[in-house]
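# Summary of structural features
Read off the chains here:
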Amino acid sequence: MTTTLNRTLNDSSEDKINTEERIKIRDIEIVDVIVMSGSAVSALALSYFFFQILLPVSGVLGFLVCWYVFFNIISTVAVWELRGAVKAKDHLARTFIWTGGMAAVVPLILVLVYVIGKGYHSLRPQFFTQDQKFVGALSDSTEGGGAHAIIGTLQQVGLASLISVPLGITTAVYLNEVNGRLAKPLRIIIDAMSAVPSIVAGLFIYAAWILALGNQQNGLAGSLALAVLFLPTVTRTSEVVLRLVPGGLREASLALGGTEWRTTSRVVLPTARSGLVTAVILGVARVIGETAPLILTVGGAFVMNANPFSGKQDSLPYFVFRLIRFPQEAQVQRAWTGAFVLVILVLVLFIIARAIGGRGPDHISRSKKRRLQRKGLA
Amino acid sequence: MSENILSEGTPVTSTSDVLTPVVRRSRADQIFRGIATTASVTTFILMGLIGTFLLVKGYDALRVAGWSFLTESAWAPDQGGAFGVAAMLPYTVQIALVALVIAVPVALCTALFITEYAPRKLRRILTAMIDLLAAVPSLIYGLWGLFYLQPRLITLSKWMADHLGWVPFFTVDDQYGTSLGLFPSSTFVAGVVVSLMVIPICTVVMREVFSQAPAGEREGAMALGGTRWGVVRDVVLPFGRGGIIGGSMLGLGRAMGETIAVTLIISPSFDAKWSILDQGSNSIAALIALKFSESSTFGISALMAAGLVLFVITLIVNAAASTVVSKSRSGASTEI
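Nothing here was measured: the structure is a model prediction, and the numbers come from that model. Here, residues in each chain are numbered from 1, in the same order as that chain's written sequence. All chains are assigned letters beginning with A, and all ligands numbers beginning with 1, in the order in which they are written. Given that the model is predicted, a residue must reach a pLDDT of at least 70 before its local features are reported, and side-chain atom pairs must reach 80 or more before they are shown or counted; all residues, however, enter totals for whole chains, interfaces and linings.

A run of DSSP states H or I qualifies as a helix once it reaches four residues; a run of E qualifies as a strand once it reaches two. Both are numbered from the N-terminal end. Scanning chain B for helices and strands turns up 11 helices and 0 strands. Neighbour counting defines burial: a residue surrounded by 20 or more other C-beta atoms within 10 Å of its own C-beta is buried, one with 12 or fewer is exposed, and intermediate counts give partly exposed, using backbone-placed C-beta atoms. Within chain B, the fraction of its 336 residues that count as buried is 46%.

Spelled out as structure tokens, the structure:
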């Protein structure tokens, strides 16, 4: 919308003299480049001198830290000389904030690369089709598979979303559209609920569902525990998404005589659809790796049990958690394979969520277009 | 929130002579409201049930232990011995604090970087990265921490113990001197790993608050010749103080409840100590995960009581945090 608007504005002004030239506020001058690279090189030389010759310590990390400190000192002094104290402080703050921003990303990449590197080479196709029935602790790490765990995870997460997604979105609708008397305390409760430690959710289901109601450990119990964790996430993110729907749309619908129900179901929810789907998928990506509540609820198994309503079941994270603590090399390697699959699963979900979330509310999918064409609307 | 004239039964002004709008809802709307309200009431009930059931099932153990549950540091409910959370609780807090000491500065920088410094393209990538950081399961962080980080981190632990030993938390008293074997499975290692899970939580809250810093004041500071850091220091940070505090507290709540990563890394210890670098640590969540499968009915009741303590603490921390954040948050709605 805005881009087309800009384009038309630009088109009309093209034949006139372009008086407006955008001022660049962040212009890097050649002096800055020279100062920075000079500081970097001299910091390198200085830290080499100190680190290798004067101090009795060694190690890559120490060297890097040393270099970083020297670089900051030298470049700040240089900027101070050139531009004065205010600019020097600005420069120092900028370096720190850039470093901090990068510091959040580096471990993420390290984690992903490490887990993928550890797990991929013992992954065989049968990991997705076999269970651990005929596998002993000493058999080769490529034997058997985690199909039982994958099935368990999918069923548990699926059941959990069946419970939590409708409940969560309805609660979000209550918070944002109905906005009744309960809305304020409800927000506090949802916030509090999202802080419930995952193990406590597991304990709760164990206490309520298994001890008090006399059920057994099975997939359903696991999915209930996951649902407790899933619900606040869905509610909070959906509420944010619903809040982004412009109030003008709501008012337009109401002014045209639409009832609340129609406004919500025909205007608000469809507008927020891609956001809601993103919220749900991101929630699933977070719940799918939960281990702690499942330790207490699903029981764990080494053989296939495709019925979540009876008998102990396994789940992928629990599978990894159990096997990684075995002393045998092959078992540990099996756990890494499981961890690899889990990470890939999370990554795929994440990418799907991003792809859908990137679309605007006016995006028309191919199937929608076909539907509209059939009705003769597009 | 949008002012929804039709849905509000209360008069807009407080003067009594203004007519209260008469609201006539259609049948469909009544049902719609009913369903939405039921869903929210369910959430209330669920939250109440969590506390109730932990209390009911932990009552047996609490009755036996009494107040000593908070002062006793041993854990032997199944052997008929004393049990309490006096060792776990300090360890839980220590791990969370280590995590916060690392995570808060990083999250602060990241949030400032995303809102103030990063070029547009990098900003989107970084936001996605932070979301991904939150989506990676804690199990994966635990595995990474155990196999990759710990062997590397203990050299740092040793260095800190050798050179910064005068700081009370870093004192490691070992009669044979420090060796690398002394440092794995420590509070410090667990805290570093947990910090990775805290960073996204803090960052998201801080970023949201920073991005709401009033544009007028921001531009005013710029127009007065302020540098970017000047704007950050004098406009963004003062405006976002609530978000910084609240975000950190949310992180604290999350860090204290973190289970699997801590379980994988620590080796349980039941004597609280000040030093964070040497072997042996504990946390309530990890205790529950470790002891659950080997506990009798009474042992499980004791674990429920421990879970209740953890539940109450995270609840208090989180309630305080969300109060701080919501106070600092201004008009958050979008209107056309």
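Before going further, it helps to spend a moment on the overall build of chain A. Along its length, chain A carries 15 helices and 0 strands. Here chain A holds 378 residues, and 43% of them are scored as buried. Restricting to contacts in chain A with at least 6 residues of sequence separation, those with at least 24 account for 71%. Note on contacts: each residue gets a C-beta atom placed from the backbone, and two residues are in contact if those atoms are within 7 Å.

Residues other than glycine seldom take positive phi values, yet Asn179(A) does so here, at roughly 50°. Position of Asn179(A) among the secondary structure elements: in the loop between helix H5 (147-178) and helix H6 (183-194). A count of 18 C-beta atoms within 10 Å places Asn179(A) in the partly exposed class. Of note in this structure, Ser185(B) is not a glycine but carries a positive phi near 55°. Inspection of the secondary structure puts Ser185(B) in the loop between helix H4 (138-163) and helix H5 (187-211). The class for Ser185(B) is buried, based on 20 C-beta atoms found within 10 Å.

The next subject is H6(A). Between its first and last C-alpha atoms H6(A) spans 16 Å; for 12 residues at 1.5 Å apiece the expected length is 16 Å, and the two agree. Listed as buried for H6(A) are Leu186(A), Ile189(A), Ile190(A), Asp191(A), Ala192(A) and Met193(A). Take the number of residues in a helix, subtract one, and multiply by 1.5 Å to get its expected span.

Listed per partner, the contact involves 79 residues of chain A and 80 residues of chain B. Per-element accounting of the side of chain A that touches chain B gives the leading share, 20 residues, to helix H4 (residues 85-119) of chain A.

The next subject is the packing of helix H8 (residues 219-243) of chain A against helix H11 (residues 273-287) of chain A. Residues and elements named next belong to chain A. One way to put it is that H8 packs onto H11 with a least axis distance of 9 Å and a crossing angle of 150°. Viewed along their axes, H8 and H11 adopt a mutual orientation that is roughly antiparallel. At the point where H8 passes H11, the crossing takes the right-handed sense. Here Leu226, Leu229, Phe230, Thr233, Val234, Thr237, Ser238 and Val241 of H8 come into contact with H11, specifically with Gly275, Leu276, Ala279, Val280, Leu282, Gly283, Arg286 and Val287. Residues are grouped as follows: nonpolar covers Ala, Val, Leu, Ile, Met, Phe, Trp, Tyr, Cys and Pro; charged covers Asp, Glu, Lys and Arg; every other residue, Gly included, is treated as polar. Partitioning the contact of H8 with H11 into residue classes produces 10 nonpolar, 5 polar and 1 charged. Convention adopted: a line fitted to C-alpha atoms gives each axis, helices being fitted over their contacting stretch, and angles between N-to-C directions are expressed from 0 to 180 degrees. Should an angle lie under 35 degrees it is considered roughly parallel, over 145 roughly antiparallel, and from 65 to 115 roughly perpendicular; all remaining angles are considered oblique. By convention the crossing between two helices is left-handed if the near helix lies anticlockwise of the far one by an angle smaller than a right angle, and right-handed if it lies clockwise.

What follows is about the nonpolar core. Here, a nonpolar core denotes buried Ala, Val, Leu, Ile, Met, Phe, Trp, Tyr and Cys residues that are linked to one another through C-beta atoms within 7 Å. Ranked by size, the top nonpolar core spans 192 residues in total, and within it Phe204(A) and Ile140(B) carry the most contacts. Tallying contributions element by element places helix H2 (residues 88-117) of chain B first for this core, with 18 residues. Domain extents, as shown, originate in an automatic or database domain assignment. Taken domain by domain, the makeup of this core includes at least three residues from each of domain 1 (28-119) and domain 2 (147-375) of chain A. In this structure, Phe204(A) is in contact with Val228(A), Ile50(B), Phe53(B) and Leu54(B), ignoring residues within four places of it in sequence.

Residues and elements named next belong to chain B. Axis separation between H5 and helix H8 (residues 241-257) bottoms out at 8 Å; the angle between their running directions is 155°. One way to sum up the angle between H5 and H8 is to call them roughly antiparallel. In this structure, H5 crosses over H8, and the sense of that crossing is right-handed. Together, Val194, Met197, Val198, Ile201, Cys202, Val205, Met206, Glu208, Val209 and Phe210 of H5 and Gly242, Gly243, Ile244, Gly246, Gly247, Ser248, Leu250, Gly251, Arg254 and Ala255 of H8 make up the contact between the two elements.

Let us now look at the environment of Thr155(B). Positionally, Thr155(B) belongs in helix H4. In this structure, the C-alpha to C-alpha distance between Thr155(B) and Ala221(B), residues 66 residues apart in sequence, is 46 Å. Discounting residues that sit within four places of it in the chain, Thr155(B) has contacts with Gly59(A) and Leu180(B).

The next subject is the domain arrangement of chain A. Residues and elements named next belong to chain A. Looking at the assigned domains, one finds that chain A contains domain 1 (28-119) and domain 2 (147-375). With centres defined by C-alpha atoms, the gap from domain 1 to domain 2 works out at 42 Å. With 5 residues of domain 1 at the contact, the number on the domain 2 side is 5 residues. Taken together, the residues of the side of domain 1 that touches domain 2 sort by class into 3 nonpolar, 1 polar and 1 charged.

Next up on the list: the confidence of the model for chain B. All names here are of chain B. The predictor reports its confidence for every residue as pLDDT, a score running from 0 up to 100. On average, residues of chain B score 85 in pLDDT, and 89% of them reach the 70 mark or higher. No element of chain B has a lower mean pLDDT than helix H11 (residues 297-328), at 87, and none a higher one than H2, at 93. Under a pLDDT of 50 for its full length, residues 1-15 has, in the predicted model, 16 contacts with residues more than four places off or in other chains. Confidence over residues 330-336 falls short of pLDDT 50; this stretch has 14 contacts with residues more than four positions distant or in other chains. Reported confidence for the predicted complex is 0.85 by ipTM and 0.86 by pTM.

With that out of the way, let us pick up the environment of Phe239(B). Residues and elements named next belong to chain B. Relative to the helices and strands, Phe239 is located in helix H7 (residues 228-239). What makes Phe239 partly exposed here is the crowd of 18 C-beta atoms within 10 Å. In sequence terms Phe239 and Phe44 are 195 residues apart; their C-alpha atoms lie 33 Å from each other.

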